[in-house]
Amino acid sequence: PWIPMLGDPTRFIHSPWPYTEKASRSWQIVGNLVYTSCHLVAKVWTSRLNEMKVVNKDTLVRAVFHRGTNTPLLTVSNHTSALDDPLMWSTLPPNLSATMKGDKRCSRWIMGAKELVFSRLWHSVFFSFTRVVPTVRGYGVYQKAVDINLEKLNAGGWVHVFAEGKVNLNPIDETLRLKWGVGRLISECVLVPMVVPMFHVGMEEILPNTPPYIPRVFKKVTFIVGNPLDFTEMLARHARNKTDDMTRRKEVTDVIQETFSDLKRKALQMHSQMVAN
């Protein structure tokens, strides 16, 4: 039987966009508890059972915990494993007070493929608790999931995007073209968000993309946090020139794509040295 105070969980099956509804206080409390628990488990998994080398960690910590109260934060990374999130955030120091309160500055929102993570009742409930917004692949940049994440940014919140749009099954040799949804989030945000690019190598060793899907131990991961990207001048230029939306989205996305290429080169070099040692 379902816990009455949380309401009917089937609404997350029938309603593909549960975040448009105002969550009850009890739902928020349980959600904050689940979100915090996932962070703590991920921290144990990367710091005790595996080894993660983090480069430029302070940049991420400052962006999450010490940016302005109303400053939106958009983190962008590559995607190589179903456990990229939450393992990436295990690098952050635990701030139980803030996460249990659901502080918008340090509780990230993220988009997840609806056909995968919202396909079953309990999956829908769990991922709703962990602030995952169901996204429909192929629906483009103007779908509801992107609108919801844009709302979170406009409220000064933190949104993470796997800009490749899917798990890269050949992350070493293949470079995927980034989706323009990330360009829309940046170019249409009321305040220009702080954008922090990141790149990791080795996550797919902790959770392989082939059966059996069982998390591994004693693996090594390299995680590079790039310097924040400032799109203020670019977006001001587009506003002056009245550039069309598609051009703006493309140019913004191209900048991140180039940054990814540089971060990937550095991450691969560092990771090869880490594995050799």
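The rules behind the values
Residues numbered from 1 in each chain as written. Predicted model: local features only at pLDDT ≥ 70, side-chain atom pairs only at ≥ 80, totals over all residues. Heavy atoms only, no water. Helix = DSSP H or I, 4+ residues; strand = E, 2+ residues; numbered from the N terminus. Buried < 20%, exposed > 50% of the residue type's maximum accessible area, 1.4 Å probe, protein only. Contact = heavy atoms within 4.5 Å. Areas by Shrake-Rupley, 256 points an atom, 1.4 Å probe, with all protein chains shown as cover. 1 Å grid on protein atoms, 1.4 Å probe; cavity = no way out; pocket = protein on both sides within 12 Å on 5 of 7 lines; lining within 4 Å. Points joined across faces, edges and corners; volume = space filled by probe spheres on them. Nonpolar A, V, L, I, M, F, W, Y, C, P; charged D, E, K, R; others polar. pLDDT = per-residue confidence, 0-100.

Engineer: Lay out the overall build of the protein with the relevant residues and their values.
Structural biologist: On a plain count of helices and strands, the protein comes out with twelve helices and seven strands. Counting all 277 residues of the protein, 49% fall into the buried class. Considering only intrachain contacts with a sequence separation of at least 6, the fraction spanning at least 24 residues in the protein is 79%. Carbon and sulfur atoms make up 58% of the accessible area of the protein, which amounts to about 13,700 Å² in all.

Engineer: Give a detailed account of empty space enclosed by the protein, specifying residues and quantitative values.
Structural biologist: Under the defined criterion, the tally for this structure stands at two cavities of 30 Å³ or more. The volume enclosed by the largest cavity comes to roughly 110 Å³. Lining the largest cavity are 15 residues; nearest its centre among them are Glu164, Thr175, Leu176, Phe199 and Lys264. Tallying contributions element by element places helix α12 (residues 245–276) first for the lining of the largest cavity, with four residues. Broken down by class, the residue content of the lining of the largest cavity amounts to five nonpolar, seven polar and three charged.

Engineer: Give a detailed account of the environment of Ile206, specifying residues and quantitative values.
Structural biologist: With respect to the secondary-structure elements, Ile206 resides in helix α10 (residues 203–206). When its relative accessible area of 1% is taken as the criterion, Ile206 is described as buried. Along the chain, Ile206 and Leu83 lie 123 residues apart, while their C-alpha atoms are 8.1 Å from each other. Ignoring anything within four residues of it in the chain, the contact list for Ile206 reads Trp45, Asn50, Leu87, Ile214, Pro215, Arg216, Lys219 and Val221.

Engineer: Which residues make up the confidence of the model for the protein, and what are the values?
Structural biologist: The share of residues in the protein with pLDDT of 70 or more is 90%, and the mean pLDDT across the chain is 89. In the predicted structure, residues 1–17 sits below a pLDDT of 50 and forms 36 contacts with residues beyond four places in sequence or in another chain.

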